[in-house]
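Residues per chain are reported as follows:
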Amino acid sequence: MIKELEFILSPLSCLKGFGEKTIEIYKKLLSPKRLLDGNKELKIIDLLYHKPEKILFRKEVFDLTSVQDGELITVKVKVDNYEAPSHRSQPHRIRCFNDTGFITIIYFKTFPDFIPKNFVEGGWVVISGKAERFNNELQITHPDYVNNYDIPKFEQIYPLTTGLSNRVLRRSIQIALSKLSNLPEWLDNNFLFQHQWKSWKDSLLAMHNAKNDNELSNNSPYIERLAFDELLANQIALGLMREKLKNKSDKEILINKNKNLKEYFLNKLPFELTNDQTNVINEIENDIYSNKRMMRLLQGDVGSGKTVVAFLSMLPFIENKKQVAFMVPTSILATQHYEWIKNLCDNNSNINVAILTGKIKGKKREKILNDLKDGKIDILVGTHAIFQDKVEFNNLSYVIIDEQHRFGVSQRLTLIEKGNSVDTLIMTATPIPRTLSLTIYGDMDVSSIKEKPKNRKQIITSSLNKEKFGDLINHISAKLKDGEKIYWICPLIEEAENLPATPLFQRYEEFQKFFKKEEIGFIHGKLTEDEKDKIMEDFGNINGKVKILIATTVIEVGIDVPDATIIIIESPERFGLSQMHQLRGRVGRGSKQSYCVLFYEKPTQNLIKRMNILKDSCDGFFIAEEDLKLRGSGEVLGLKQSGFSEYLIADLSSHYNLLIEASKMARHIVKNKEYLNKNEIKILLEMFGYNDCLNEAILN
């Protein structure tokens, strides 16, 4: 490890107060922000890059008569008397005063010795919290601070998780900041001056000590600086990967066999390929039979049949006795793809298919690894588990990566490096406008599937005001009696002060008034893989008990439940158009007519326009273009709300212009090896986990 990075790349457990239990709490908060690579431990940099979401200003007051309702104040007062509750449902009341008037401190729940210790009758106490007027009396309920003489005037408020308070998190970040060293500057002084940016350390300090919300906005110079660093590191890593893959010209050319295997499976399929599917397969075959390594992006609209194309593109490799890896972001998707391919590959095909996920353990895992190394497995479907060093292929020649933005650059490279001159197909269900794909994917070849299978019914999309909640519940009840299943999408897991929308857990509790508890399930990104698999099994199985699945966007991609016919997207203003189109694609997978309901509260002009686009079109490519016009690139790419973004600070919906600048700078750096050898660039790449991309094989 580079010496200057030793502290920020140290495990979080190195900081005082971070024991095993505390680390587990922080994992729930910080892990989703970094792409998981199996056993990654939290590092101090993960804590330092946890951005505050807003700033609270605590007004120091003396005159209690001047305090406004709802104002956040800090005041020194004298304790008049304490009124203990006479009943469990009543609060503790501490009446206090100063020369200007009275204020009552309210506690509904507190430790037995807290009030006697902090509120001594006749003694002075410093209180900070939200002041409210009730029956013309000023009061603070559950103050944020009591008798703390270092109460911050400006307080940074961070995203939290259960078991962690803002005060504890803020203190931990400040401790880490106090130990921070200056790093050598990797950006040119003229470039910094042009953008009016500070150094990396000063920008980080400014973010965590911001005095107003403007200093935390995406166009703040501090945030822009930190975002650019991330984007630049990412673009350099992508450039290094492209160079490495392009420079390998020793690819073993596949023998173009008689394609009996392809014809066999085409005859087995219960449908005919669309023209787009046929054209894409031809494009892929032209690449894989050439002497150049394939790096191709396959964009396919929701339900366009990318998986069929992926499978058929594997067959030339299997005919040539080569191995194929099919990598997907979740074990649910891995199981789904594995079962579909396994069922298609009957005994007559002699194709051996296996699955490898994190939860496959013991002798079963050992056998898979041995068979893979011995060349007995033709197709391996898996998740992040495939990256591990112990996973060795016999002759890996083809890698397919589904939803590649959910994997880090280093992870993709690690998998590709397990073979020799591997051909690579990257798939995405989020159509990307051409203007964006040129920046994001550069010189990668792009194929598109726009046609939908002829037998698939179009999903009917409508909008409904939340005032009609009762009508919607009645409609759902009728559908459940017909054996159909329902998705209900919420934008939040738990209530959040700055996002006024109904959270998942509130809907889950509410639905128990109308439906049997065992018929309702919920799924969100903070559940473990095993928990997600269990609920999806209960929902997806034809005999499963769960009929209504309340979910966040974790079900956005690939989940296939033919009995699900209705999806309700609550608070559509919280989602991008492309994201809602992805969610809509979870229904319409069976023979019955399917519906998407956009369940809104306040019909603003912009929301009506966006909902009408979804009602009028099921074309993901058209919707992506409209999304780009209306909301910006971050939403189109499906990165901002997916929870799997590679970025900790950068937000492509605001920082797209920075991405263009970072892309240009990265291309210049990659082409000039003297820049790559600079210690500053090595520090930048290692800081964001891209050091694996910068090795001797790439530089030579």
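Since the model is a prediction, treat every value here as computed from it, not as a measurement. (Residues numbered from 1 in each chain as written. Predicted model: local features only at pLDDT ≥ 70, side-chain atom pairs only at ≥ 80, totals over all residues. Heavy atoms only, no water.)

**Some thoughts on the overall build of the protein chain**
Piece 1. Counting its secondary structure elements, the protein chain contains 25 helices and 22 strands.
Piece 2. Counting the 700 residues in the protein chain, one finds 55% classified as buried. (Helix = DSSP H or I, 4+ residues; strand = E, 2+ residues; numbered from the N terminus. Buried < 20%, exposed > 50% of the residue type's maximum accessible area, 1.4 Å probe, protein only.)

**Points about the sheet that holds strand β19 (residues 520-523)**
Piece 1. Across the sheet, which stays open at both edges, the 6 strands sit in the order β17-β22-β21-β18-β20-β19 with parallel pairing between neighbours. Either end of the sheet is taken by a strand with one partner, and the two such strands are β17 (460-465) and β19. The mean angle between the axes of side-by-side strands here comes to 20°, regardless of whether they run parallel or antiparallel.
Piece 2. Strand contacts of helix α17 (residues 529-540): β18 (485-489), β19, β20 (548-551) and β21 (564-570), with the helix running at about 140° to β19, the strand carrying the most contacts. (Pairing = 2+ DSSP bridges. Axes fitted to C-alpha atoms, helices over the stretch in contact; angles between N-to-C directions. Contact = heavy atoms within 4.5 Å.)

**A look at helix α8 (residues 260-268)**
Piece 1. Among all positions in α8, only Leu-261, Lys-262 and Phe-265 are buried. End-on, the buried residues of α8 take up no more than an arc of 100°, which puts them together on one face. (Arc of directions from axis to C-beta.)

**Section: the side chain of Arg-365**
Piece 1. Locating Arg-365 in the fold gives a position in helix α12 (residues 362-373).
Piece 2. No salt bridge is formed by the buried Arg-365. Its closest oppositely charged neighbour is Glu-366, at 9.4 Å.
Piece 3. For Arg-365, the residues in contact, after removing those within four places along its chain, are Leu-356, Thr-357, Gly-358, Ile-360, Ala-385 and Gln-388. (Lys, Arg positive; Asp, Glu negative; His and termini not counted. Salt bridge = Lys/Arg side-chain N within 4 Å of Asp/Glu carboxyl O.)

**Considering the environment of Glu-83**
Piece 1. With respect to the helices and strands, Glu-83 occurs in strand β3 (residues 72-83).
Piece 2. On the basis of relative accessible area, Glu-83 is assigned to the partly exposed category, the value being 45%.
Piece 3. When the C-alpha positions of Glu-83 and Ile-94 are compared, they lie 6.2 Å apart, and in sequence the two are 11 residues distant.
Piece 4. With near-sequence residues (within four places) excluded, Glu-83 lies in contact with Pro-91, His-92 and Arg-93.

**Notes on the pattern of salt bridges**
Piece 1. For the structure on display, the rule yields 20 salt bridges.
Piece 2. Two residues, Lys-262 and Glu-285, come together in a salt bridge whose shortest N-O distance is 3.1 Å. Placement of the pair is Lys-262 in helix α8 and Glu-285 in helix α9 (residues 275-288), with a sequence separation of 23 residues.
Piece 3. Here Glu-285 falls in the buried class, since its relative accessible area comes to 5%.
Piece 4. Its salt-bridge partner being Asp-301, residue Lys-452 comes within 3.8 Å of it at the nearest N-O pair. In this pair, Lys-452 sits in the loop between β16 (445-449) and β17 while Asp-301 sits in the loop between β10 (295-300) and α10 (306-319), placing the two residues 151 residues apart along the sequence.
Piece 5. Connected through shared salt-bridge partners, Lys-466, Arg-507, Glu-510 and Glu-570 make up one network.

**Some details on the pairing of β20**
Piece 1. Burial along β20 is two-sided: the residues Ile-548 and Ile-550 and Leu-549 and Ala-551 are all buried.
Piece 2. By the bridge criterion, 4 bridges tie β18 to β20 in an arrangement that is parallel. Directly across from Ile-489, in β20, lies its bridge partner Ala-551.
Piece 3. Relative to β20, β19 runs parallel, the two being bridged by 4 bridges. In the sheet register, Gly-521 faces β20, and the bridge partner there is Leu-549.

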